[in-house]
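Take a look at the letters that make up each chain.
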Amino acid sequence: MTESTQKKPARKPAKKRAPRTLGPEKTEKIFAALAHDRPDPKTELEYSDPFTLLVAVALSAQATDVGVNKATRKLFAIADTPEKMLALGEEGVAEHIKTIGLWRNKAKNVIALSQKILDDFDGKVPRTREELTTLPGVGRKTANVVMNEVFGEPTIAVDTHIFRVSNRTGLAPGKTPDEVEASLERVTPPEWKKGAHHWLILHGRYVCKARTPECWRCVIAEWCKYTPKTPDPASVSALGPKAPKKKK
Ligand code: SF4
């Protein structure tokens, strides 16, 4: 056999490595600091029972909690059960939520999920992810929020804030929300799992903001991988305005 016809040894397929996380010690410190900062975290969506929370979460896709609350205050005053929602009808629901993005589709889903809850679940919001995700307009993220908030399950729903904080800090890196969720499931110590969802959302919303993370006042900056950290604007302005460049 000539050299050119000799078979090269087959290469071993490259192993797909999970992205590196911070390790258990730093992860523990991050959650302890976030928990100390907000001892009693809650959703900022207004609701009175599982059904109103389910509707509020379903409406919150691509909308702010403030915007959803504004709409649901009036909506829930007249329709806070599946029966009343059906009596109000799709047009009636749409009238109340027109200020929210994707309102047409959301109105359709609210009516359809109310009907399904009555038909298949005896008028009650189901408790499992499998059942919840059979409801129109309810995906894994909405199901996770409902399970965590009203049924006390240690689920973590990855929204835009959690996705950003998990990647920036190195806590649970991932390219997609599902990857980040799996990573968070893996690294979050059991005692922090129930609150993790809220702590990470609120931290992303108020401190680790999308455009400019406020690192100078961040309680987890010490363990966060993100660089360069945003400096305190007060100390930056104390340095005074930049001297104008000299003309050559
Ligand atoms: S240090 Fe900065 S980037 Fe890191 S979590 Fe805090 S605010 Fe976000």
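Residues numbered from 1 in each chain as written. Predicted model: local features only at pLDDT ≥ 70, side-chain atom pairs only at ≥ 80, totals over all residues.

Asker: Describe in detail the overall build of the protein, supporting the description with residues and values.
Answerer: Of the regular secondary structure elements, the protein holds 11 helices and zero strands. Moving toward the C terminus, one meets the helices and strands of the protein in the order α-α-α-α-α-α-α-α-α-α-α. A burial count over the protein gives 33% of its 248 residues as buried. In the protein, the share of contacts with a sequence separation of at least 24, taken over all contacts with a separation of at least 6, comes to 57%. (Helix = DSSP H or I, 4+ residues; strand = E, 2+ residues; numbered from the N terminus. Buried ≥ 20, exposed ≤ 12 C-beta atoms within 10 Å, placed from the backbone. Contact = placed C-beta atoms within 7 Å.)

Asker: Got a sec to walk through the site of the ligand? Specific residues and values, please.
Answerer: The immediate surroundings of the ligand are formed by 13 residues, with Cys-208, Pro-213, Cys-215, Cys-218 and Cys-224 found nearest. Split into classes, the residues belonging to the shell around the ligand amount to nine nonpolar, one polar and three charged. (Near = placed C-beta within 6 Å. Nonpolar A, V, L, I, M, F, W, Y, C, P; charged D, E, K, R; others polar.)

Asker: Run through the UniProt feature "binding site: [4Fe-4S] cluster" (unreviewed entry) in the protein, naming residues and quoting values.
Answerer: With numbering matched to this structure, UniProt assigns "binding site: [4Fe-4S] cluster" (unreviewed entry) to Cys-208, Cys-215, Cys-218 and Cys-224. On the basis of their most widely separated C-alpha atoms, the annotated residues across 17 residues gather in one place, lying no more than 10.8 Å apart. Its location among the elements puts Cys-208 in the loop between α10 (193-206) and α11 (233-238). Classification of Cys-208 by C-beta neighbours within 10 Å gives buried; the count is 24. Those residues in contact with Cys-208 that lie beyond four places of it in its chain are Arg-164, Val-165, Arg-168, His-203, Pro-213 and Cys-218. When residues no more than four places from it in sequence are discounted, the contact partners of Cys-218 are Val-207 and Cys-208. (UniProt positions renumbered as here; feature names shortened; annotations may be inferred.)

Asker: Tell me about the packing of helix α4 (residues 82-97) against helix α5 (residues 103-120), residues and numbers included.
Answerer: Put simply, α4 and α5 touch, their axes get as near as 8 Å, and they point 175° apart. One element, α4, and the other, α5, form an angle in the roughly antiparallel class. Where α4 approaches α5, its residues Pro-82, Glu-83, Met-85, Leu-86, Glu-90, Val-93, Ala-94 and Ile-97 are matched on the opposing element by Trp-103, Arg-104, Lys-106, Ala-107, Lys-108, Val-110, Ile-111, Ser-114, Gln-115, Ile-117 and Leu-118. Classifying every residue of the contact of α4 with α5 gives 12 nonpolar, two polar and five charged. (Axes fitted to C-alpha atoms, helices over the stretch in contact; angles between N-to-C directions. Parallel < 35°, antiparallel > 145°, perpendicular 65-115°, else oblique.)

Asker: Any details on the environment of Ser-60? Residues and values, ideally.
Answerer: Residue placement: Ser-60 occurs in the loop between α2 (50-59) and α3 (65-78). Under the C-beta neighbour-count criterion, Ser-60 is labelled buried, with 24 such atoms within 10 Å. Each C-alpha atom, one on Ser-60 and one on Leu-45, is 8.7 Å from the other, the two residues being 15 residues apart in sequence. The residues contacting Ser-60, other than those within four sequence positions of it, are Leu-45, Asp-65 and Val-68.

Asker: Explain the packing of helix α8 (residues 160-169) against α10 to me, and be specific about the residues and the numbers.
Answerer: At a minimum axis separation of 8 Å, α8 and α10 run at an interaxial angle of 85°. Our classification of the angle between α8 and α10 gives roughly perpendicular. Only Leu-200, Ile-201, His-203, Gly-204 and Arg-205 of α10 make contact with α8, whose side of the interface consists of His-161, Ile-162, Arg-164, Val-165 and Ser-166. Split into classes, the residues belonging to the contact of α8 with α10 amount to four nonpolar, four polar and two charged.

Asker: Which residues make up helix α7 (residues 140-151), and what values do they have?
Answerer: Taking 1.5 Å per residue as the helical rise, α7 with its 12 residues ought to reach 16 Å, and the 15 Å between its terminal C-alpha atoms agrees with that figure. Within α7, nine of the 12 residues are buried, leaving the element largely enclosed by the surrounding structure. Where the residues of α7 are buried, they touch α2, α6 (129-132) and α10. Count one or two residues on from α7 and you reach Gly-152, which has phi positive near 70°. (Expected span 1.5 Å × (residues − 1).)

Asker: Quick rundown of the nonpolar core? Include the residues and the values.
Answerer: Within the largest apolar cluster, 54 residues are counted, with the highest numbers of intra-cluster contacts made by Leu-54, Leu-59, Val-93, Val-110 and Val-146. With eight residues, the single largest contributor to this core is α2. There are two domains that each give this core at least three residues, and those are domain 1 (24-41 + 156-223) and domain 2 (50-151). (Core = buried A, V, L, I, M, F, W, Y, C linked by C-beta atoms within 7 Å. Domains from an automatic or database assignment.)

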